[in-house]
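Here is how the chains run, residue by residue.
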Amino acid sequence: MNQTAPLLSVQGLCKDFGVRRTLAERIAREQASPVRAVDDVSFTLQRGEILGLVGESGSGKTTLARCIIRLVEPDAGTINLDGVDVRAASGNQLRELRRRMQMVFQDPYSSLNPRMTVSAALHEAGRVHNRPGSENGEQFVREALERVHLSAGIAKRHARELSGGQRQRVAVARALAVGPEVLVADEAVSALDVSIQAQLLNLFLDLRDELGVAILFVAHQLAVIAEVADRVAIMNRGRLVEIGQAAAVFANPQDAYTKSLLAAHPQPRLSGVAAR
Amino acid sequence: MGPGSKSVLTIEGLRVEFDSPHGRVVAVRDAGLSIRPGEIVGLIGESGSGKTLTCRSVIRLVPWPGQISAGEIEFDGRDVLGMTAKELRDLRAHDVGMIYQDPFSSLNPVFRIGDQVAETLRVNLGMGRTEGRTRALELLRDVGIPDPERRALSYPHEFSGGMRQRVMIALATASQPRLLLADEPTTALDVTTQAQILALLMRLREERDIAVLLVSHDFGVIAQVCDRVAVMYGGHIVESGPIAGLYNDAQHPYTRALLDSVPQLESAGRVTRKSVIPGTPPEPTESLTGCVFKPRCRHAQASCDLVSMALEPVSPGHVTACPVRPFAAAEGGQAKRAGAEA
């Protein structure tokens, strides 16, 4: 369907987590069976594509997201970014890969240093990765803020002085300051009010269009994914149960679990309400 | 008592204030609400809108240093704000149940589930030990906990989020209250579990004629279960009415904008920019004159500075605080909301 080689390619990724043995197992000297958080997951991400990853809590979607940028070391499988083997990388090569793949977390309050101003946080990201333009701090910060539609006036503030939406924009600005090709957004809009959430969803669409950045967009809310994703992957108990074009998956789900998720989505039960 | 006498709960002119280092903060201003028996009323708003405080005011659980500084709350013809400590305890024990967003922090981690439910029955309803235990099992079964005899012996951490919320509902409804206050009861739950909890609330309403005040930030949840809904913004109720009327024919610009912001499944494959509300909700410390929504409103006019935020009728039961009515004139008041047609 798509002739160009994918930007990011994940094949057969697995991750087990050991669990503490129960008392009975310890007495019987049995080994506790590990929990398979990510189980043989394969997918690709094209340049400039937004792939939505949906699952309920405990489905392994966050572990998968973290494995891809090696915040969590996977146990098996391959991760390939533009021809580079991510799992084999170390040292400077890994650092460069992490520059090319940036992550945005759910809670910007805990992902931003409370003692740093917005300006310091953005400038530091640029300096660490020797980004062009980062020697001129003021302009670098202004451009980073412009990218996420924030005024330069907030550069001197600390994270606690910002609203939730502004904080998340700063977190996105920091991720983008190092010029990534892939953005992994792990529940990046889940903690926000709907009116602010809608603003952020528009921002992610703008960034994709303007910068051509590919986004792995992790969320538990189906409707949020429907608003931004080109393709969607459904995760259940560590496995990808369905992956495909967003319109096709939502209109005509094939997997029983996808169907149950869609059926559980709250819908108005009003008579006389137009389909929205 | 007038036409409101059939309501189980009536709130009028409620005002909740806090003393903060930055001066006096008014978190809820002149809020009014009524709920009839067997009715599910939604209270929707974004964080800081005052929806949770309004809900908690009903049983006078406004957290310190907040206080109810004006208004009337009438439950079943009784004046809640004038109650003595004993009367208030009785109200909370027998007449009004409450469930919270996080059921784990509402349950005692060191006691078994069955014992906690039985204790509530002994203390609130004066049941004996044996009777309490038997009734507790019935209650747990009634809220859909499978194998209650065995699960009653479990501790809260052994329950899933949905099961814990079922236990909370069992506790809150143990004394057959006439009103259940549900503050974001499904926000912490997965979507499939959320659907089950909402179905349970609707079943309780059918079977026991319980009235429910459902506080939520999620229009999807509200639209699925509520008969009527009140929209809060900046401490004010800006619009309220029957759910269908509000959904199809919202008259307040904030309600419309909120509805337009809600992510839709139908957007799949047709990704477009949403029309969004610019800016952020007002800080409680800001004092605004006129309409609270004016700074973010695309229909704002000079006259909005003089708006009193009093609710005016649109149609039977449907009221709005916006006197400009930008939608009534343009669309004849009957136009269907057309979010998906763009």
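Residues numbered from 1 in each chain as written. Chains lettered and ligands numbered in written order. Predicted model: local features only at pLDDT ≥ 70, side-chain atom pairs only at ≥ 80, totals over all residues.

Undergrad: Explain the confidence of the model for chain B to me, please; I cannot follow it from the model alone.
TA: Low pLDDT means the predicted atomic positions in that stretch should not be read closely. Residues and elements named next belong to chain B. Model confidence for chain B is summarised by a mean pLDDT of 89, while 94% of its residues fall at 70 or above. Strand E3 (residues 40-44) holds the highest mean pLDDT among the elements of chain B, 97, whereas helix H12 (residues 326-331) holds the lowest, 66. In the predicted structure, residues 1-5 sits below a pLDDT of 50 and forms 3 contacts with residues beyond four places in sequence or in another chain. Confidence over residues 330-342 falls short of pLDDT 50; this stretch has 18 contacts with residues more than four positions distant or in other chains. Note on the complex model: pTM 0.86, ipTM 0.80. (pLDDT = per-residue confidence, 0-100. Helix = DSSP H or I, 4+ residues; strand = E, 2+ residues; numbered from the N terminus. Contact = placed C-beta atoms within 7 Å.)

Undergrad: Looking at this model, I keep getting lost on the nonpolar core. Mind explaining?
TA: Nonpolar side chains in soluble globular proteins tend to be buried together. Formed by 179 residues in total, the largest nonpolar core has its most connected members in Phe217(A), Leu213(B) and Leu214(B). Here Leu213(B) is in contact with Ile35(B), Val41(B), Leu43(B), Cys55(B), Leu179(B), Leu181(B) and Ala182(B), once residues within four sequence places are set aside. (Core = buried A, V, L, I, M, F, W, Y, C linked by C-beta atoms within 7 Å. Buried ≥ 20, exposed ≤ 12 C-beta atoms within 10 Å, placed from the backbone.)

Undergrad: How should I be thinking about unusual backbone geometry in this particular structure?
TA: In terms of backbone geometry, most residues other than glycine have negative phi values and most peptide bonds are trans. All names here are of chain B. In this chain, Trp-64 is followed by Pro-65 through a cis amide linkage whose omega measures 5°. With respect to the element layout, Pro-65 can be found in the loop between helix H1 (51-57) and strand E4 (67-75). With phi around 55°, Asp-147 is a residue other than glycine that occupies positive phi space. Residue placement: Asp-147 occurs in the loop between helix H5 (129-142) and helix H6 (148-151). We classify Asp-147 as exposed; it has 9 C-beta atoms within 10 Å. Phi is positive for Glu-184, which is not a glycine, with a value near 50°.

Undergrad: Got a minute to help me understand helix H2 (residues 61-68) of chain A in this structure?
TA: Side chains three or four residues apart in an α-helix point the same way, a direct result of the helix having 3.6 residues per turn. Residues and elements named next belong to chain A. In terms of burial, H2 is a largely internal element, 7 of the 8 residues being buried. Turning to H2, its buried residues are Lys-61, Thr-62, Thr-63, Leu-64, Ala-65, Cys-67 and Ile-68. Looking at the residues trailing H2, positive phi occurs at Arg-70, about 55°.

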